[in-house]
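# Per-entry structural report
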Amino acid sequence: MRVDFPLSERDSIALHFINAHGDRVSQAAPIDSLDDQLVNIINDILRKNGIVRNNDNLDDYGRLLTHVKYLARRLRKDRQEQEVQISAISLASIGNDFPEAEQIVHKIACRIDYELGVKISKLEWLYLVIHIARLLDRKKQK
């Protein structure tokens, strides 16, 4: 395949190749078992609540799994997102706005604590509620 690109695009294209190579190297590294464990816990609980990855929720499910990947990274570094103070009123408000998502996150948090000995922070809880609320909304739209 012969393709000619303008010289003005040379640097941009080279940068994409460099970045793609960097991604491939990191993806080739062994997947951390913590990543797998978190994804398995979340997938299992979501499946038990009638949420499965499909064409309708592909983007939202992908965002959740990306968040879980970064959560695993933070847990490995013992650095959960705790910088932001979240009041009990805010958490209660989220629970009132998304009660089904909050119940699912409660199950996920309990299972992570039981199986991995990790308590997720209030901010991580909030992130998960928002991600799962989106998935529930997609499910209801079907």
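Predicted model only: the values in this text are computed from it and were never measured. (Residues numbered from 1 in each chain as written. Predicted model: local features only at pLDDT ≥ 70, side-chain atom pairs only at ≥ 80, totals over all residues. Heavy atoms only, no water.)

## Focus on the overall build of the protein
Formally: Helix and strand definitions follow DSSP, with helices as H or I runs of at least four residues and strands as E runs of at least two, each counted in order from the N terminus. The contact criterion used throughout is that any non-hydrogen atoms of two residues lie within 4.5 Å. Here the open area of atoms and residues is found with the Shrake-Rupley method and a 1.4 Å probe, where only the protein chains shown may cover a residue.
Looking only at helices and strands, the protein features six helices and zero strands. Here the analysis covers contacts within the protein between residues at least 6 apart in sequence; of these, 77% occur between residues at least 24 apart. About 9,800 Å² of surface is accessible on the protein, with carbon and sulfur atoms providing 52% of the total.

## Here's the deal with the nonpolar core
Nonpolar side chains tend toward joint burial in soluble globular proteins. Note the following rule: Side-chain atoms within 4.5 Å are what join buried Ala, Val, Leu, Ile, Met, Phe, Trp, Tyr and Cys residues into a set we call a nonpolar core. Note on exposure labels: buried denotes an accessible area under 20% of the residue type's maximum, exposed denotes more than 50%, and partly exposed covers the range between, all computed with a 1.4 Å probe on protein chains only.
Core analysis: the biggest nonpolar cluster contains 32 residues, and Leu38, Leu46, Ile51, Ile104 and Ile132 have the highest contact counts within it. Mapped by element, the contributors of at least two residues to this core are α2 (33-48), α3 (58-76), α5 (99-116) and α6 (122-141). Ranked by residues supplied to this core, first place goes to α6 with nine residues. Once you skip the residues sitting within four places of it in the chain, Leu46 turns out to touch Ile51, Tyr61, Leu64, Ile104, Ile132 and Leu135.

## Let's talk about the environment of His106
Here His106 lies in helix α5. On a C-alpha basis, the gap between His106 and Val129 in space is 9.2 Å, while along the polypeptide they are 23 residues apart.

## Topic: the packing of α2 against α5
Any two packed helices are characterised by how steeply their axes cross, that is the angle between the axes, and by the distance between the axes. Counted only if it meets this: Axis angles are defined between N-to-C directions and span 0 to 180 degrees, where every axis is a line fitted to C-alpha atoms and, for a helix, only to the segment in contact. Comment on the angle field: the value is read as roughly parallel under 35 degrees, roughly antiparallel over 145, roughly perpendicular from 65 to 115, and oblique elsewhere. Here is the rule for handedness: rotate from the far helix to the near one, and if that takes an anticlockwise turn smaller than a right angle the crossing is left-handed, while a clockwise turn gives right-handed. Any residue that is not Ala, Val, Leu, Ile, Met, Phe, Trp, Tyr, Cys, Pro, Asp, Glu, Lys or Arg is counted as polar, Gly included; the first ten are nonpolar and the last four charged.
Close contact between α2 and α5 brings their axes to 10 Å; oriented N to C, the two are set at 140 degrees. With respect to α5, the element α2 is oriented oblique. Pair α2 / α5 crosses with right-handed handedness. Of α5, the residues touching α2 (which contributes Leu34, Gln37, Leu38, Ile41, Ile42, Asp44, Ile45, Leu46 and Lys48) are Ile104, Lys107, Ile108, Arg111, Ile112, Glu115 and Leu116. Looking at the contact of α2 with α5 residue by residue, the classes come out as ten nonpolar, one polar and five charged.

## Let's talk about α2
Because the α-helix completes a turn every 3.6 residues, residues three or four places apart line up on one side. Going by this rule: Multiplying one less than the number of residues by 1.5 Å gives the expected span of a helix.
Between its terminal C-alpha atoms α2 stretches 22 Å, which fits the 22 Å expected from 16 residues at 1.5 Å a residue. All buried positions along α2 are accounted for by Leu34, Asp35, Leu38, Ile41, Ile42, Asn43, Asp44, Ile45 and Leu46. Against α3, α5 and α6 lie the buried residues of α2. A positive backbone phi angle near 75 degrees is found at Gly50, which sits one or two residues after α2.

## Considerations on the confidence of the model for the protein
Where the model shows low pLDDT, its predicted coordinates should not be examined in detail. For clarity, the threshold we go by: Confidence scores here are pLDDT values: one per residue, from the predictor, ranging 0 to 100.
Per-residue confidence for the protein gives a mean pLDDT of 77, with 66% of residues at or over 70. In the model, residues 14-31 has pLDDT below 50 throughout and makes one contact with residues more than four positions away in sequence or in other chains.

## A short note on the side chain of Asn43
If you trace the backbone, Asn43 turns up in helix α2. Contacts of Asn43, omitting those with residues within four sequence positions, involve Tyr61 and Leu65.

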